[in-house]
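Next come the chains, spelled out residue by residue.
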Amino acid sequence: MGMPRSFLAATAGTAAVAVAGALFLAPGPAAAAPGPDRPHPVREGAGRDTGRDATPVDGAALRALEGTAPELRKEGGYPRRTVLTPPPVDPADKSLKLGLAPYHSLAPRLNALQRLGDRVSVEIAGRSAGGHELYLVTVTAPESAKEARDQERMRELIENRPATAAGDRHIKAAYKTPVLINNNIHGNEWEGTDAALNLIEELAKAQDAKSAGLLARNRIHLNVTANPDGRIAGTRANANGFDLNRDFITASQPETRAMRRIAIDKQPAVMLDLHGYVNGTLIEPTTPPHGENYEYDLFLKNAYANALGMEKAVNGLGYTPQKDGVEPAVIPFRDQQEGWDDWPPVFTPQYMPFHGAVASHTIEFPMAVNNAQYDSLPVAELRRRAAINTDIAGAAMRAALAYTDSHRASVLADQIETFRRGAAGEAQRPVSEQTVPGVPGIGPEDVYTTTFPRAYVIPSGVRQRSATAAARLVDHLVANDVRVERARGAFRLAGRTYQAGSYVVDMHQPKRGIANVILDEGRDISADVSTMYDISGWSLGLLWGASVDAVERGRLAVDGRPVRAAAPTGSVARHGDLELRLDDPRELAAVNSLLAQGVAVRRTAEGSAIVPGSARGRAEVLADRYGVVFRATEQRGTTPLRRTRVAAAVSAGELFALREMGFDVVPVSTQVLNAGFDWSAADALYVSSGLDRTRLTPAARDALDRFLAGRGTGVVASGAQGAAFNASAGLLKARAVAGNGDANGVVRVVDSGGRVTAGAPRHTFVYSPLWFTDLGGSARAEQWYGPGNPLVSGHWRAGEDGRGGPRDAAGRASVVSGTSADGASVVLFGTEPLFRDHPKGVFAQVGRALLMR
């Protein structure tokens with residue numbers, strides 16, 4: 001019996017093309033491939049963060065600064081029904097205008113879908129920053145508890161003993177291939193959610209043999225909306241103002257951590273991430289550069305073939321430029337030269353291969369309905385477009401399921417092979433027409449591989465710069481499913497002696513790719529391509545404040561035990577006054593907590609905090625909470641530290657990082673100041689975006705200038721807008737020189753040992769880097785870009801005029817401090833020390849600048 005699509009047709013309206021028969025009937029012929037004159041798609045959201053999308057809010061949206069998502073259920077069979085509690089109806093939900101499903105309708109609809117039969121299960125995968133439940137749906141044929149345990153046993157065997165799994169006949173015959181469909185990660189790219197709901201209902205009702213076979217051989221997991229906050233508000237970002245599709249390596253947001261948990265627990269072999277809006281429909285794989293830590297030959301083989309099937313399905317719907325405004329689909333690997341790359345692992349489809357996906361895709365629907373279009377187009381036109389996008393999203397989903405099902409044996413074999421190569425420590429296979437037959441156009445520009453070290457060591461004791469930072473890094477590795485061991489005794493490796501308690505990451509492990517992504521320095525790819533979509537460098541080994549050693553080769557003979565969590569690092573000296581270094585964000589959080597409790601804390605000349613012994617009890621609580629060390633000291637300190645209330649015109653990531661360090665922050669902007677702002681509630685001002693002094697009303701400018709004239713006021717400014725603010729307000733004499741605005745990555749720096757950068761790591765992060773010359777008055781350099789070419793990893797070219805490259809920045813001041821003529825303490829950053837809440841090891845530079853005013 002054929003399966004009806006009446007529900008989908010009803011929601012898609014006249015734009016839908018009815019498909020008769022079973023769910024997986026072959027679509028019509030594909031349209032002609034786009035030619036070289038097709039315009040290059042413009043990606044939304046690239047470039048230096050400005051904080052435009054949303055202003056993070058207090059309360060529920062800011063809880064859980066760190067942590068992991070709850071583990072998904074592994075016990076019991078399928079279905080695993082959850083009775084969801086519907087949230088209150090929200091008539092302001094932005095989905096409604098488009099004729100799409102508002103968030104408040106999802107729980108009742110999913111409850112009803114679970115009641116349709118025995119194929120649909122719903123789990124709560126976590127909560128969003130704004131407190132909304134995240135719904136994970138699994139559609140599969142029923143399984144007894146025993147059968148589900150067998151599936152889990154096979155999944156673990158595939159990851160943990162892949163060589164054995166490769167020859168396991170039971171796995172080949174009985175393992176259900178996991179597929180993940182991720183929807184609505186950008187909140188104002190709605191339609192994937194609606195297509196997913198339609199698909200769930202179709203599969204729940206289907207009576208044809210082909211659909212039944214699909215569900216017997218596969219588990220289909222659907223993250224219904226990855227960003228309910230943004231779906232409701234009509235914003236790209238979540239309630240904390242974060243673009244979740246830039247957060248996968250940092251994992252600062254609860255939604256990202258939930259998706260990471262899904263990836264680890266479900267281990268999808270094929271994955272789709274539904275987005276908008278690029279016309280024609282964009283279907284990855286991507287242009288170069290390709291992530292060097294992937295098993296890219298296995299990935300490209302499947303991703304390209306799956307893309308062809310999705311392209312055929314999308315074009316086969318019959319939409320045309322003339323009739324509907326819909327262009328034929330685009331596959332960047334085939335149709336573009338550069339600019340849509342998969343180099344950084346911050347995006348969902350670029351993160352998933354590290355957990356076993358051998359095909360993962362960004363899908364961009366064609367018809368824009370967000371931003372200016374949402375506000376200006378007639379409702380009827382918006383709904384027509386949304387219906388087309390929903391139809392196209394559904395076609396891509398069905399085609400991907402058909403590919404997975406028809407290629408189940410090879411997809412599964414390639415997932416196993418991915419893990420097997422890692423466990424065996426084998427070299428990657430460069431892509432070529434020989435290693436990836438059937439994929440046309442492979443050239444040297446597509447070859448990106450790396451040589452994995454034999455191991456990484458995160459030392460303990462005197463070789464470790466920061467035990468607090470080391471513990472954070474270890475916990476992050478474990479959260480990403482990387483195997484870490486802690487040495488029971490001292491050992492030697494590659495000519496170095498390490499103390500007991502050091503952490504070892506053996507790179508002969510199934511998920512070596514994500515381990516290397518996190519710990520490796522990365523690579524300078526400036527010469528490889530002329531343009532990049534987003535960031536090009538991200539090394540946590542260099543940016544998170546811990547000492548990390550790469551061991552290139554040698555025999556590992558370390559007596560260690562597996563690590564589930566880093567060992568506690570907090571401690572408090574038993575006698576005397578206490579010294580707390582301020583080199584880490586957790587140390588800043590601890591000292592801000594003491595100041596908030598009224599403890600009299602003083603600072604030393606080099607920037608440590610001196611805590612009186614009378615506060616030892618409070619220090620013990622904070623040492624346990626943050627893992628920080630209070631050492632005994634005889635120093636008295638030079639100057640009292642005061643609680644700093646910060647008015648901040650910053651991006652969402654910077655605001656989040658400031659609050660992570662325990663600062664009391666109120667967001668401000670040009671608009672906020674023009675509406676009237678009480679400066680008595682602030683001690684310091686941080687400017688990086690959203691505040692233009694020249695656009696303030698006379699009254700607002702006067703109020704600001706009176707604040708800046710107060711002695712003891714602190715001003716921190718970063719980036720081009722911060723430098724412009726400094727110049728407009730006449731604070732420090734320093735000429736800001738802009739590097740290439742697209743440049744970004746990890747750079748070497750040299751610090752002066754001053755109060756702001758003392759103890760800082762030798763690396764930091766830049767995006768649209770600046771440097772400072774012609775210092776006058778009290779201005780002095782706190783930090784400089786390293787000599788030669790300071791770029792370690794990333795993409796930083798000179799501009800077309802030959803200027804603005806990394807060699808122009810070499811030896812120039814990257815951080816400047818001083819005192820204004822009116823006595824305000826001013827620090828200027830040409831770097832990005834708080835970028836997207838990511839470079840944890842350099843947060844303290846900003847924290848010190850704000851505290852030590």
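The text that follows walks through the structure, step by step, so that each part is easy to find.

The rules we used
- Residues numbered from 1 in each chain as written.
- Predicted model: local features only at pLDDT ≥ 70, side-chain atom pairs only at ≥ 80, totals over all residues.
- Heavy atoms only, no water.
- Helix = DSSP H or I, 4+ residues; strand = E, 2+ residues; numbered from the N terminus.
- Buried < 20%, exposed > 50% of the residue type's maximum accessible area, 1.4 Å probe, protein only.
- Pairing = 2+ DSSP bridges.
- Axes fitted to C-alpha atoms, helices over the stretch in contact; angles between N-to-C directions.
- Expected span 1.5 Å × (residues − 1).
- Contact = heavy atoms within 4.5 Å.
- Phe/Tyr/Trp six-rings, centres within 6.5 Å; stacked < 30°, edge-to-face > 60°.
- Lys NZ or Arg CZ within 6 Å of the ring centre and 35° of its normal.
- Parallel < 35°, antiparallel > 145°, perpendicular 65-115°, else oblique.
- Left-handed = near helix turned anticlockwise from the far one by under 90°.

Let us now look at the environment of R564. With respect to the helices, strands and loops of the structure, R564 is situated in the loop between strand 16 (560-562) and strand 17 (571-572). Classification of R564 as exposed rests on a relative accessible area of 76%. Along the sequence, R564 and E485 sit 79 residues apart, while their C-alpha atoms lie 9.0 Å from each other.

So, about the sheet that holds strand 10 (residues 455-458). An order of 15-10-14-11-16 is seen for the five strands of this open sheet, with the pairing classed as antiparallel. Sheet topology places strand 15 (549-551) and strand 16 at the edges, where each strand pairs with a single neighbour. Along the sheet, successive strands turn relative to each other by an average axial angle of 30°, direction set aside. In the sheet, strand 10 pairs with strand 15 via three bridges, with the strands oriented antiparallel. The residue bridging Y456 from the neighbouring strand is A550, located in strand 15.

A rise of 1.5 Å per residue sets the reference length of helix 3 (residues 145-160), with its 16 residues, at 22 Å; its end C-alpha atoms lie 22 Å apart and thus fit the reference within 8%. Among all positions of helix 3, only A148, Q151, E152, M154, R155, L157, I158 and E159 are buried. Residues of helix 3 that are buried in the fold lie against helix 4 (162-166), helix 5 (169-174), strand 4 (218-223), helix 9 (254-266) and helix 16 (408-424).

So, about the packing of aromatic side chains. Scanning all chains against the criterion turns up 19 aromatic pairs. Considering the side-chain rings of W343 and Y448, the 5.7 Å spacing of their centres and the 65° angle between planes classify their relative orientation as edge-to-face. With W343 in the loop between strand 8 (341-342) and helix 13 (348-351) and Y448 in the loop between helix 16 and strand 10, the pair connects residues that are 105 residues apart, well separated along the chain. Residue classification places W343 among the buried residues on the basis of a relative accessible area of 3%. Looking at Y448, the relative accessible area reads 6%, which means it is buried. Positioned above the aromatic ring of Y374, the side-chain terminus of K97 is 4.5 Å from the ring centre. Across the ring face of W544, the terminal group of K840 is positioned such that the distance to the ring centre comes to 5.9 Å.

What follows is about the packing of helix 10 (residues 296-315) against helix 16. Direction vectors running N to C along helix 10 and helix 16 enclose 165°, while the axes themselves pass 10 Å from each other. When the axis of helix 10 is compared with that of helix 16, the two are roughly antiparallel. Taken as a pair, helix 10 and helix 16 cross one another with a handedness that is left-handed. The segment helix 10 lies against helix 16, with D297, L298, K301 and N302 engaging S410, V411, D414, E417, T418 and R421.

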